[in-house]
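Chain residues, written in single-letter form:
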Amino acid sequence: MSLTRPQTLSNGKVFPTDGEDHISLPTIPITLPTHLVEEVSKLPRLTKEQCGHLRHFHNLVSQPDGDWSFMGGASGQDHDEGSYRYQIAFMTYAAGAAHYHRLPALRSVFKSLMDKMIAKMLRPDVWGYWYLTSHSGTLLDPDLKEMRKPWADPVCKENVMYSGHLLLMLSLYSMLFDDDRYDEKDSVVFNWDPMWWGMGAERYCYNRTKLQETILKQMEQDNWMGACCEPNTVFIVCNQFPFIAIRYNDIRNGTNVIDEVLPKYKKAWADRGGFISENGLFRRWYSDNGLHALELRSSQIPLPNHRRRLPATYPRQPPQHPPPELANAIRDISFSQNLDPESPSVLSQAYAAISDQPSSPLQKGFQKAPMQRSRVPLPTFGFVAQWLSEVAGPPALDPLLRHADKYLNPTWTKGGLHYARHEPGWDNEGNYRYMEPYSGNAAIGYARLNVQDGQKKMWDQPWTREVVRGQPWVEGGGLECGVDFLRGVWVKECRAVVVTVRSWDGGEVGLPVCVKGLEDRCWAIYVNGELRGVEVVAGGKDVSFEVQVGAEEVDIVVIDASAI
């Protein structure tokens with residue numbers, strides 16, 4: 001550890017500061033007092049699994065450009081709900097939630113991680129699908145007589161299923177780190193240059209502000225029903241993300257755009273029957289052909305303004321993970337007859353209702369009920385996990401995570417945790433086994449790292465510039481150093497920065513630590529309870545040092561010496 005101050009301390013000694021002023025240091029014990037050791041031990045810490053998810057995110061976005069190992073889906077075309085854009089976006093939201101709720105002092109760790117995530121989101125591999133999708137077709141627009149003329153710019157019109165996520169990623173970054181780099185001119189660039197066309201590259205330039213203006217213009221053109229995803233189709237879920245981004249940007253910019261546009265959006269839907277269909281489920285999308293309902297459990301992040309509806313609808317969701325046809329039957333029977341949805345008799349009735357076969361025992365019902373009729377089955381497990389993490393939290397979420405850890409192929413690779421792909425279906429005991437990249441890479445990790453009401457709390461109290469600048473934070477080495485971070489907080493009551501680390505593979509690592517934003521006073525540095533040095537901060541100086549980290553956890557405490 002490199003320190004700029006002497007380490008020999010005693011009562012009343014006077015130490016020079018840069019050869020000029022002299023500061024009288026208080027008495028500083030050689031070991032951290034017992035009451036402070038106990039305070040540190042009580043601080044929440046990430047579990048092995050939570051650290052594993054963050055490291056897996058880091059591993060994925062640190063792969064060389066063009067390497068999408070672990071992320072490829074069954075369709076192979078990046079058009080379905082497991083597409084790269086959704087995996088990257090929800091890894092970003094998971095990292096953002098972990099920083100905001102769990103490790104708020106570790107600014108550089110998450111900033112570096114999210115920079116890599118945004119860079120991946122801007123790769124043509126992620127947004128290039130749009131050129132084909134922009135042709136449209138009669139599936140989405142039955143009145144179409146011929147394909148539309150396509151365009152490559154992925155955000156200029158429609159495609160909010162990409163642009164909305166990108167806007168939230170950029171806005172979340174600005175809010176969390178008090179950094180406007182993505183609001184600089186041409187900070188968001190899409191390069192379109194198919195190798196064999198030979199007609200020259202196309203370059204589409206945006207920034208955070210221009211992207212938001214573009215999406216709002218589309219919402220207005222679509223009569224405030226929201227911006228289109230695929231042509232002629234507005235999905236509720238995809239429009240949640242730009243609204244959350246607008247909220248963050250309002251707080252950052254001192255504007256009030258969200259209070260202007262959100263009422264228009266809600267009124268437009270109310271005029272067409274509202275967000276909830278006749279059977280009590282949230283509608284999924286709107287097109288000129290009508291409104292379409294979707295089970296609430298397939299929602300991703302509930303827009304905080306709509307969360308007051310959720311407690312009433314949550315108990316109607318089936319308690320396990322049957323196919324959609326069976327889930328709808330369970331819901332209808334239990335709700336109409338006021339029966340327990342977990343009752344075997346309800347399941348038998350539900351199975352009989354969707355099948356010509358005789359009523360079957362529980363496990364046979366799961367085995368024989370058909371999967372949904374889509375080209376690629378939805379990543380429903382991940383959707384459910386995300387939704388439960390926000391609306392219900394533990395203990396409702398815990399059985400789902402235990403099921404994942406037992407049946408859904410938990411896999412550790414280079415210190416990272418994900419759930420490996422498995423074909424759709426159930427085993428002979430009725431245990432759900434289907435796993436795909438969206439749930440396995442991003443959604444389950446999001447559910448573990450989020451907290452109950454996590455998105456609502458971030459909506460209600462986004463970090464302002466003053467909040468970000470108003471408390472100490474840690475810079476220095478990040479996940480790329482081979483270290484997992486279990487704690488990273490400023491404990492205001494103790495006037496201490498606390499960081500807990502260990503190496504992911506048990507190897508010895510030298511971790512640089514730089515604590516910024518400390519007040520001008522004397523700060524003591526403790527490592528595993530032992531005094532390792534003292535820094536006198538003046539004029540906004542940082543406290544920098546290095547610690548050796550191995551397989552055992554290392555507790556680092558930088559504390560105001562007068563508070564010991």
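Residues numbered from 1 in each chain as written. Predicted model: local features only at pLDDT ≥ 70, side-chain atom pairs only at ≥ 80, totals over all residues. Heavy atoms only, no water.

For the rest of this paragraph, the subject is the sheet that holds strand 16 (residues 543-549). Ordered in space as 10-13-16, the three strands form an open sheet in which the pairing is antiparallel. Both outer strands of the open sheet, strand 10 (473-476) and strand 16, are each paired with one neighbouring strand and no more. Across this sheet, the average inter-strand angle for adjacent strands is 35°, counted without regard to direction. (Pairing = 2+ DSSP bridges. Helix = DSSP H or I, 4+ residues; strand = E, 2+ residues; numbered from the N terminus. Axes fitted to C-alpha atoms, helices over the stretch in contact; angles between N-to-C directions.)

In this section: the confidence of the model for the chain. Of the residues in the chain, 85% reach a pLDDT of 70 or more, and the chain-wide mean stands at 86. Note on residues 1-23: pLDDT is under 50 here. Beyond four places in sequence and across chains, it has 49 contacts. For residues 308-319, every residue scores under 50 in pLDDT, and the model assigns this stretch 29 contacts once sequence neighbours within four places are set aside. (pLDDT = per-residue confidence, 0-100. Contact = heavy atoms within 4.5 Å.)

Further remarks concern the side chain of Ser163. Note that Ser163 resides in helix 7 (residues 160-177). Dropping the residues within four chain positions of it, Ser163 is found in contact with Val155, Glu158, Leu211 and Ile215.

Glancing now at the packing of aromatic side chains. Tallied over the entire structure, the rule returns 27 aromatic pairs. Residues Phe243 and Tyr265 carry aromatic rings whose centres are separated by 4.6 Å and whose planes lie at 55° to one another, so their mutual orientation is tilted. With a gap of 22 residues between them, Phe243 in helix 9 (residues 236-253) and Tyr265 in helix 10 (residues 258-270) connect regions that are remote in the sequence. Arranged with centres 5.4 Å apart and planes meeting at 20°, the rings of Trp269 and Phe275 form a pair that is stacked. Among the aromatic residues, ring-to-ring pairing joins Trp127, Tyr131, Tyr162, Phe190, Trp192, Trp197 and Tyr206 into one connected group. Sitting over the face of the ring of Tyr129, Arg85 holds its NZ or CZ atom 4.0 Å from the ring centroid. When the ring centre of Trp473 is taken as reference, the NZ or CZ atom of Arg107 above it lies at 3.8 Å. (Phe/Tyr/Trp six-rings, centres within 6.5 Å; stacked < 30°, edge-to-face > 60°. Lys NZ or Arg CZ within 6 Å of the ring centre and 35° of its normal.)

Tallying each qualifying case throughout the model produces 27 salt bridges. Residue Asp179 is joined to Lys111 by a salt bridge in which the shortest nitrogen-to-oxygen separation is 2.7 Å. Taken together, the residues Asp179 in the loop between helix 7 and strand 3 (188-192) and Lys111 in helix 4 (residues 107-121) connect sequence positions 68 residues apart. We classify Lys111 as partly exposed; its relative accessible area is 21%. Among the ionic pairs, Arg521 bridges to Asp560, the shortest N-O distance being 3.2 Å. With Arg521 in the loop between strand 13 (509-516) and strand 14 (522-527) and Asp560 in strand 17 (residues 554-560), this residue pair connects regions lying 39 residues apart in the sequence. Residues participating in the shared-partner salt-bridge network are Asp178, Asp180, Asp183, Arg208, Arg252, Arg465 and Arg469. (Salt bridge = Lys/Arg side-chain N within 4 Å of Asp/Glu carboxyl O. Buried < 20%, exposed > 50% of the residue type's maximum accessible area, 1.4 Å probe, protein only.)

The packing of two helices is summarised by the inter-axis angle and the distance between the axes. Close contact between helix 4 and helix 7 brings their axes to 11 Å; oriented N to C, the two are set at 160°. Relative to helix 7, the element helix 4 lies roughly antiparallel. Judged by the twist between their axes, the crossing of helix 4 over helix 7 is left-handed. Contacts between helix 4 and helix 7 involve Arg107, Phe110, Lys111, Met114, Asp115, Met117, Ile118 and Met121 on the former and, on the latter, Tyr162, His165, Leu166, Met169, Leu170, Leu172, Tyr173, Leu176 and Phe177. In terms of residue class, the contact of helix 4 with helix 7 is built from 13 nonpolar, one polar and three charged. (Parallel < 35°, antiparallel > 145°, perpendicular 65-115°, else oblique. Left-handed = near helix turned anticlockwise from the far one by under 90°. Nonpolar A, V, L, I, M, F, W, Y, C, P; charged D, E, K, R; others polar.)

For the rest of this paragraph, the subject is the environment of Gly506. With respect to the helices and strands, the residue Gly506 is situated in the loop between strand 12 (496-503) and strand 13. Considered as a pair, Gly506 and Glu552 are 46 residues apart in the sequence and their alpha carbons are 7.7 Å apart.

With that settled, the discussion passes to the nonpolar core. Soluble globular proteins: nonpolar side chains tend toward being buried together. Met117, Tyr162 and Phe190 are the most contacted members of the largest nonpolar core, which has 116 residues in total. Counting residues per element, this core draws most heavily on helix 7, which supplies 13 residues. Not counting the four nearest positions on each side in its chain, Phe190 is found in contact with Leu122, Trp127, Pro154, Val155, Tyr162, Leu166, Glu202, Arg203, Tyr204 and Tyr206. Counting residues in hydrophobic clusters, the runner-up holds 21 residues, among them Val391, Ala392, Leu417 and Trp426. (Core = buried A, V, L, I, M, F, W, Y, C linked by side-chain atoms within 4.5 Å.)

The next subject is the environment of Tyr84. Relative to the elements of secondary structure, Tyr84 occurs in helix 3 (residues 84-101). Each C-alpha atom, one on Tyr84 and one on Gly72, is 7.7 Å from the other, the two residues being twelve residues apart in sequence. Residues within four places of Tyr84 in sequence aside, it is in contact with Trp68, Met71, Gly72, Asp78, Asp125 and Val126.

For helix 3, which comprises 18 residues, the first-to-last C-alpha distance of 26 Å matches the rise-based estimate of 26 Å (1.5 Å per residue) to within 8%. For helix 3, a buried count of 17 out of 18 residues is recorded, marking the element as mostly surrounded by other parts of the structure. (Expected span 1.5 Å × (residues − 1).)

Moving on to the sheet that holds strand 15 (residues 530-536). Read from one edge of the open sheet, five strands run 11-12-17-14-15, paired in antiparallel fashion. Two strands lie at the open edges of the sheet, namely strand 11 (483-491) and strand 15, each paired on one side alone. Averaged over all adjacent pairs, the angle separating strand axes in this sheet is 15°, with direction ignored. Judged from the eight bridges that link them, strand 11 and strand 12 form a sheet pairing that is antiparallel. Counterpart to Asp484 in the pairing with strand 12 is Arg502. Against the sheet, helix 1 (residues 34-42) engages strand 11, strand 12 and strand 17, with an angle of about 120° to strand 17. Contacting strand 11 and strand 12, helix 2 (residues 48-61) runs over the sheet at an angle of about 110° to strand 11.

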